[in-house]
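# Geometric and topological summary
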There are 2 protein chains.
Amino acid sequence: MNKFKIGVIGFGTVGAGVVETVMKNASLMAQRYGIEPVIARIADLDTKTDRGIQLPKGLLISDAMKLIDDPEVDVVVELVGGTTIARKFVSDALKRGKPVVTANKALLAFCGKELFDLAETNRTEIYFEASVGGGIPCIKALREGLVANQVTAMYGILNGTCNYILTRMENEKADFDSILKAAQQAGYAEANPSTDIDGYDTANKAAILASLAYGHWFTLDDVTVRGIREVTLTDIEYASELGYRIKLLATIRKVADKIQLCVQPALVSKKSLIGGVSGVFNALWVDGDIVGSTMYYGRGAGRAATSSAVVADLMDLALNRLHNSPRRLPAFPIYDEALALATKDEIRSRYYVRIEVANQPGVLGRMAGIFGSHGISIASVTQREPAGAGVKVPMLMLTESATQSAIESALNEIRQDPATVEPPICFAIEDLPA
Amino acid sequence: MNKFKIGVIGFGTVGAGVVETVMKNASLMAQRYGIEPVIARIADLDTKTDRGIQLPKGLLISDAMKLIDDPEVDVVVELVGGTTIARKFVSDALKRGKPVVTANKALLAFCGKELFDLAETNRTEIYFEASVGGGIPCIKALREGLVANQVTAMYGILNGTCNYILTRMENEKADFDSILKAAQQAGYAEANPSTDIDGYDTANKAAILASLAYGHWFTLDDVTVRGIREVTLTDIEYASELGYRIKLLATIRKVADKIQLCVQPALVSKKSLIGGVSGVFNALWVDGDIVGSTMYYGRGAGRAATSSAVVADLMDLALNRLHNSPRRLPAFPIYDEALALATKDEIRSRYYVRIEVANQPGVLGRMAGIFGSHGISIASVTQREPAGAGVKVPMLMLTESATQSAIESALNEIRQDPATVEPPICFAIEDLPA
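Being a predicted model, the structure only gives us computed values, none of them experimental. (Residues numbered from 1 in each chain as written. Chains lettered and ligands numbered in written order. Predicted model: local features only at pLDDT ≥ 70, side-chain atom pairs only at ≥ 80, totals over all residues. Heavy atoms only, no water.)

## Regarding the environment of Glu172(B)
All names here are of chain B. As a reminder of what qualifies: Counting from the N terminus, the helices are the DSSP runs of H or I reaching at least four residues and the strands are the DSSP runs of E reaching at least two. Buried, partly exposed and exposed residues are distinguished by accessible area as a fraction of the type maximum, computed with a 1.4 Å probe on protein chains only: under 20%, between the cut-offs, and over 50%, respectively.
Within the element layout of this structure, glutamate 172 appears in helix 6 (residues 160-172). Overall, the relative accessible area of 42% leaves glutamate 172 in the partly exposed class. It is 46 Å that separates the C-alpha atoms of glutamate 172 and isoleucine 334, two residues lying 162 residues apart in sequence.

## Focus on helix 12 (residues 363-373) of chain B
All names here are of chain B. What counts, and what does not: Arc definition: directions from the helix axis to the C-beta atoms. Whether two residues are in contact is decided by their heavy atoms: any pair within 4.5 Å suffices.
Where helix 12 is concerned, the buried positions are Val363, Met367, Ile370 and Phe371. Considered in projection along helix 12, the buried side chains sweep an arc of 95° and stay on one side of the axis. Of the surrounding elements, those touching the buried residues of helix 12 are strand 13 (348-358), strand 14 (378-383), strand 15 (392-399) and helix 13 (404-416). Phi for glycine 375, located one or two positions after helix 12, is positive at around 75°.

## Some thoughts on the sheet that holds strand 6 (residues 126-127) of chain A
Residue and element names in this part refer to chain A. Stated formally: Note: two strands are recorded as paired if DSSP finds a minimum of 2 bridges between them.
If you trace the 6 strands from one edge of the open sheet to the other, you get 3-2-1-4-5-6, paired in parallel fashion. At either end of the open sheet lies a strand with only one pairing partner, and these are strand 3 (60-61) and strand 6. Pairing geometry for strand 4 (residues 75-78) and strand 5 (residues 100-102), over 3 bridges, is parallel. Within strand 5, the residue paired with glutamate 78 across the bridge is threonine 102.

## A look at the interface of chain A and chain B
Stated formally: Note on definitions: buried area is the accessible-area loss of two parts on being combined, 1.4 Å probe, summed for both. For this document, the term salt bridge refers to a Lys or Arg side-chain nitrogen within 4 Å of an Asp or Glu carboxyl oxygen. For the purposes of these results, a polar contact is taken to be a pair of N or O atoms within 3.5 Å, where, inside protein, one atom must be able to donate a hydrogen and its partner to accept one; residues adjacent in sequence count only when each atom of the pair is a side-chain atom.
Between chain A and chain B, the residue contacts involve 57 residues of the former and 57 residues of the latter. Summed over both partners, the interface of chain A with chain B comes to about 5100 Å²; 57% of that surface belongs to carbon and sulfur atoms. The largest contributions to the chain A side of the interface with chain B come from Arg32(A), Tyr297(A) and Arg328(A), which together make up 16% of the buried area. Linking chain A with chain B are 6 salt bridges, by the criterion used here. As a salt-bridge pair, Glu144(A) and Lys140(B) come within 2.7 Å of each other at their nearest N and O atoms. Along the contact surface separating chain A from chain B lie 30 residue pairs in polar contact (both at pLDDT 80 or more). Mapped by element, the contributors of at least two residues to the side of chain A that touches chain B are helix 1 (13-33), helix 5 (138-145), strand 11 (281-288), strand 12 (292-299) and helix 11 (303-322) of chain A.

## Structural notes on the domain arrangement of chain A
We count it as follows: What marks off one domain from the next here is an automatic or database domain assignment.
According to the domain assignment, chain A contains domain 1 (2-134 + 303-322), domain 2 (138-298) and domain 3 (348-429). Computed over C-alpha atoms, the centres of domain 1 of chain A and domain 3 of chain A are 52 Å apart.

## Quick look at the pairing of strand 12 (residues 292-299) of chain B
Across the 8 residues that make up strand 12 of chain B, a large majority, 7, are buried. Looking at chain direction, strand 12 of chain A and strand 12 of chain B are connected through 5 bridges and run antiparallel. Paired with Tyr296(A) across the strands is Tyr296(B), a residue of strand 12 of chain B. Where strand 11 (residues 281-288) of chain B and strand 12 of chain B come together, 8 bridges link them in antiparallel fashion. Each residue of the ladder has a partner; that of Phe281(B), found in strand 12 of chain B, is Arg299(B). Between strand 11 of chain B and strand 12 of chain B, which pair antiparallel and follow one another directly, the connecting turn spans 3 residues.

## Section: the sheet that holds strand 5 (residues 100-102) of chain B
Residues and elements named next belong to chain B. Convention followed: Here an axis means a line fitted to C-alpha atoms, over the contact stretch when the element is a helix, while the angle between two N-to-C directions is reported on a 0 to 180 degree scale.
One open sheet holds the 6 strands; their spatial order is 3-2-1-4-5-6, and the pairing between them is parallel. Bordering the open sheet on either side are strand 3 (60-61) and strand 6 (126-127), each of which pairs with just one other strand. Relative to strand 4 (residues 75-78), strand 1 (residues 2-9) runs parallel, the two sharing 4 bridges. When the bridges of strand 4 are listed, glycine 7 appears paired with valine 76. Lying over the sheet, helix 11 (residues 303-322) contacts strand 1, strand 2 (35-43), strand 4, strand 5 and strand 6, oriented at roughly 135° with respect to strand 1.

Take a look at the structure:
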């Protein structure tokens, strides 16, 4: 039986998961593919901590370069994270013609083009299933399963931390800060949670998905990002009454032959399939011109789920080695360099708007008038009874489809209205077919 | 640019869809994969009917054997259906060393072993993504994306016709016969609907999935099949009141190192993701020992969706040809020949039981006693007010987990109870994690 010899750099949570997965299911994979995955080397600066895995003596070393240079290593798994030393390790492996598997979305979105060019030059390749959607084989679905399709739109819940926080806020009727704290204690959020909750992690993933779907390099800079810090329990509850949930949604969509690429809290119907994706789970919805709507669902992070995706990549590369077909699947073929981002005049959606207004006569008419003057139709209005005389009252409006520029202009005007007590809150509504 | 020359046998609905898809998106696929798919030949007995597709003269012929023998044909797509002439075409193509793409689940479940052996002998291969789940790339997910996993369970809504009928029955509060008739008129059900509604189509797909997951050849004979004819509006409505929907569910599950393989109407929670799969859509839920739960969703049938899957297979084979790596992925590696089917004593689930009983004192206690005497705990009971004096009353019981033999013995005893007015109705409840 042929063996495929794996070198793992980074023996942290995911690294240990990958090693454990290979050890547990190597013979099953060998039976399925006719080639046996073997952990040949592991490199980590920390060679002392017990990861609870029995390793042959000498397998774990501290010098990653030694692993990369080891002729007994067929493939390098980069699980260091970040964009500095990881970039060096990946580059060095590629320069030696060794294929690389990585789960590092930040690295790919930051310097993916450089790395994939380097892989091409050295006649080798990078696999990256675990970089988006954790254990969900959604990169494979997009690159291979849906290859016959022009992608018309993708919608993703791609960050487990955010979805966990939003789900708990809704279920427990608790505010953002208290749930964030609880999530940090439970290990579902980092001590410094910004990458997750400010939307950058999702944006990196959205850039990767858009690049794959549209044959154009998109980076983090191309993504309009808005995180979940500004999602309040108040809006979660109002949205719920109206039949919606608020999700941190990546929206990647062809609009007038340009691309809308944004990450933002958005309302999705509770009845939609994606509206049912709760807790740490992720989902990617893909609309193709041939296949119609499809969705892929699973654990978006965590040791085991991420390992499942990393090892699937390893086995794909094992087949490429077994059949002497490196670079079988072009990674990011660029065929639409001129593709541009859609402007605010081109991006349309429906909107949820909450305006806290003074309890005065004529305010509703004036607000509705502002929307009308910007060409925005109101689909529904809910105005609550004031809690007491003279106090502010919330006015909820769901609009019909409008451009982003129109809604921004309307909100600006509303902000300046003397009856507006607090800055208006606005989230897009994504009407996904269910 | 390399070309991959496709021969399509069967120019019906799906055949025309495949041809149209290749024509529409060939250049996009060529940009993505570096090899261009081209329709080289089409064979159909009917060369006259206008399919609305502009074809070069002479491309459409009536003699499928001429297509198979044509050296200009790199791959044969079998879209004839059935298990007789399709079997011959597929065999003949394989004998000539030509790879085959098929959407024919009946053929694979009927004589798959013979065909895959033939492919192996002739150093070629069969791809069959469209045979399960229509456009959903779920075969790829199972064979490749989840290769690192032992599959612990799969649950599938795999027949669009059944799901369409059950969804409409629930939404319109209509009975089975009237919706079946409407589905036939709308083209969502065949004139002879037995293959779909009696569960055999789903069972073929379940056999394919089980074979792929467990390294053992399962055929239709191994699947316990129960269709949806016996699903009444009454039970759909009672289930709904209790928070469930009735779906025709394929259940494939490892139980005590054996395999449970059945297709049956089952109750799933409305809150579960799979409970939200409605209309003609399909979904496959896969639990892996590493990845945890995943789900794949999309259109399970129809011209366009099926084409998407067929063309994805074609492009996989195109890469195999381009890189001279035929039989890259072993199709059905058999590594557990001794694997047995679970017995009724080993298969467990919760159950929904409806008993129409005479409105007499002591009946509830007696029924509960029967369950108890078979070791079955009752989770909840709902007994309705009778419509009038002395008439029958429905008694609904949801059980705790029990073996299939226990529930069958209990139902036998209940059937013979003097108070039982109609044969008791029983469906399994599948508690899928949401």
